[in-house]
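In case you want the letters, here they are:
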Protein chains: 2
Amino acid sequence: MTPSATPAYRRLSVEERRSQLLDAALGLFAHRAPEDVSLDDVAEAAGVSRPLVYRYFPGGKQQLYEAALRSAAEELRQCFDEPREGPLLPRLSRALDRYLAFVDEHDTGFSALLQGGSVVETSRTTAIVDGVRRSAAEHIHQHLGVTDPGPRLRMTVRMWITAVEAASLIWLDEDKQPPVEELRDWLVEQFLAVLTVTAGRDPQTAALVTALSADG
Amino acid sequence: MTPSATPAYRRLSVEERRSQLLDAALGLFAHRAPEDVSLDDVAEAAGVSRPLVYRYFPGGKQQLYEAALRSAAEELRQCFDEPREGPLLPRLSRALDRYLAFVDEHDTGFSALLQGGSVVETSRTTAIVDGVRRSAAEHIHQHLGVTDPGPRLRMTVRMWITAVEAASLIWLDEDKQPPVEELRDWLVEQFLAVLTVTAGRDPQTAALVTALSADG
């Protein structure tokens, strides 16, 4: 209990307080493994008492973690939000720039979340992460101008998204090398390369690759 | 308790019995989600009593699951065991054939394991899976004849391995379509394509791609 923080209690609305606690939690979960974050840490970071944290999140750390994860997922979804204008590969580059900045800012939490086996991992957290992956795939299909992607195109896009996740984890693990701009360009080139491979097996993808080459 | 199974107790050595229980567990975990397998199921599949299963695996289902996973991991490692003779891409094809046959045979368990959020997932199960990934990467480096892979080559190989995992999960999800031979050839083509992209940024990989083209 931090007595000096008490007066501040009254000043925030329920929604503001909740959002303040979530921000504090997200800040902690971004840079520490979930097992290294306690409710006391969250209370301290937000300048409130532990009972107050419990009043907002009666499910304790697990509930806070999931709420923070949902808020991070929303932030990630916004990274993919790119106007559907101009050549496609530069759009992908810009979305990747925002995504990689997110990875950079949430390094430890991002690794803990995706490396699995975490104490806070449940079917709910997995569903949140899968929702982000699905959203990324839908964005890509929309930018490709495809309303009904066939199985080969869908598989290619999902494989590339997984490869991007793997690259992000390795990048964090290797002290953020290569430089982020190189990583971004490399991932865009891989996208085009795997689409081109699939084009040899799938007319829908072949038409896209032809359109992409004329796009530049 | 199955009284008719009792006489069989005496005939097996400790090692044989343990291995029989593990086989029974692996058979169940391969085709059901871990939460749908009980110790009673394992006892019944092995034709023994539940107390006997507990005598061998006092840690209960979690211990059995981890032991079954270790044995599956060993089986997977053997899939990658390919003589270092002849052109490289056909070697990769043969290893993928064995790997995809494993995925086919352990479908539900493979999905449950890799999709995360499972009740039996712990840092130990994650470490076992990561061990298999590392082993796959080492095999690929050895076949490429590289003793000291640089960061760009390592990242490319790990990204491709992750993409293969993703493809396997999607393939199971899509009722094992496309046919396994097509999936295998497609994955080999992707391997060459992503190596070729990296070759533009990394002299070590460029030398490998040149050697691979002359390899035929």
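Note that this is a predicted model, so its numbers are computed, not measured. (Residues numbered from 1 in each chain as written. Chains lettered and ligands numbered in written order. Predicted model: local features only at pLDDT ≥ 70, side-chain atom pairs only at ≥ 80, totals over all residues. Heavy atoms only, no water.)

1. Details of the UniProt feature "DNA-binding region" (unreviewed entry) in chain A
The UniProt record marks residues 38-57 of chain A with the feature "DNA-binding region" (unreviewed entry), using the residue numbering of this structure. Summarising residues 38-57 of chain A: 75% helix, 0% strand, and an end-to-end C-alpha distance of 13 Å. (UniProt positions renumbered as here; feature names shortened; annotations may be inferred. Helix = DSSP H or I, 4+ residues; strand = E, 2+ residues; numbered from the N terminus.)

2. Section: the relation of the copies chain A and chain B
What connects the two chain copies is a rotation about an axis and a shift along it. Superposition of chain A onto chain B requires a rotation of 180 degrees combined with a translation of 0.0 Å along the rotation axis, giving an RMSD of 0.0 Å. With respect to symmetry, the two chain copies, as superposed, fit the operation of a two-fold axis. Of the residues that chain A buries at the interface, 100% are likewise interface residues in chain B, meaning the two copies contact each other through the same surface. (Least-squares fit on C-alpha atoms with pLDDT ≥ 70 in both. Contact = heavy atoms within 4.5 Å.)

3. Regarding helix α10 (residues 180-199) of chain A
An ideal rise of 1.5 Å per residue puts 28 Å on 20 residues; α10(A) measures up with 29 Å between its terminal C-alpha atoms. Within α10(A), 14 of the 20 residues are buried, which leaves the element mostly enclosed by the surrounding structure. (Expected span 1.5 Å × (residues − 1). Buried < 20%, exposed > 50% of the residue type's maximum accessible area, 1.4 Å probe, protein only.)

4. Observations concerning the interface of chain A and chain B
With 36 residues of chain A at the contact, the number on the chain B side is 36 residues. Here chain A is connected to chain B by eight residue pairs in polar contact (both at pLDDT 80 or more). Mapped onto the side of chain A that touches chain B, the elements with two or more residues apiece are α8 (123-143), α9 (151-173) and α10 of chain A. Among the elements that make up the side of chain A that touches chain B, the one with the highest residue count is α9(A) (14 residues). In the side of chain A that touches chain B, the residues fall into 16 nonpolar, 11 polar and nine charged. (Polar contact = N/O pair within 3.5 Å; in protein donor to acceptor, adjacent residues only side chain to side chain. Nonpolar A, V, L, I, M, F, W, Y, C, P; charged D, E, K, R; others polar.)

5. Here's the deal with the environment of A:A25
Residue and element names in this part refer to chain A. In this structure, A25 sits in helix α2 (residues 14-31). Distance in space between the C-alpha atoms of A25 and G145 is 38 Å, their sequence separation being 120 residues. Residues within four places of A25 in sequence aside, it is in contact with V42, L64 and A68.

6. Considering the domain arrangement of chain A
Residue and element names in this part refer to chain A. Taken domain by domain, chain A comprises domain 1 (3-63) and domain 2 (80-213). Taken together, the contact pairs nine residues of domain 1 with 11 residues of domain 2. Taken together, the two surfaces of domain 1 and domain 2 that pack against each other cover about 750 Å², and 61% of this comes from carbon and sulfur. Counting every contact that joins domain 1 to domain 2 gives zero salt bridges. At the junction of domain 1 and domain 2, the tally comes to six residue pairs in polar contact (both at pLDDT 80 or more). Every element with two or more residues in the side of domain 1 that touches domain 2 is listed here: α2 and α5 (60-79). Element by element, the count of residues in the side of domain 1 that touches domain 2 is highest for α2, at three residues. For the side of domain 1 that touches domain 2, the per-class residue count stands at four nonpolar, two polar and three charged. (Domains from an automatic or database assignment. Buried area = accessible area lost by both parts, 1.4 Å probe. Salt bridge = Lys/Arg side-chain N within 4 Å of Asp/Glu carboxyl O.)

7. A few points about the layout of surface pockets
In this structure, the largest pocket encloses a volume near 1600 Å³. What lines the largest pocket is a set of 47 residues, among which A:R133, A:T162, A:E165, B:R133 and B:T162 lie closest to the centre. Contributions of two or more residues to the lining of the largest pocket are made by α7 (107-115), α8 and α9 of chain A together with α7 (107-115), α8 (123-143) and α9 (151-173) of chain B. Among the residues making up the lining of the largest pocket, the classes are represented as 17 nonpolar, 12 polar and 18 charged. (1 Å grid on protein atoms, 1.4 Å probe; cavity = no way out; pocket = protein on both sides within 12 Å on 5 of 7 lines; lining within 4 Å. Points joined across faces, edges and corners; volume = space filled by probe spheres on them.)

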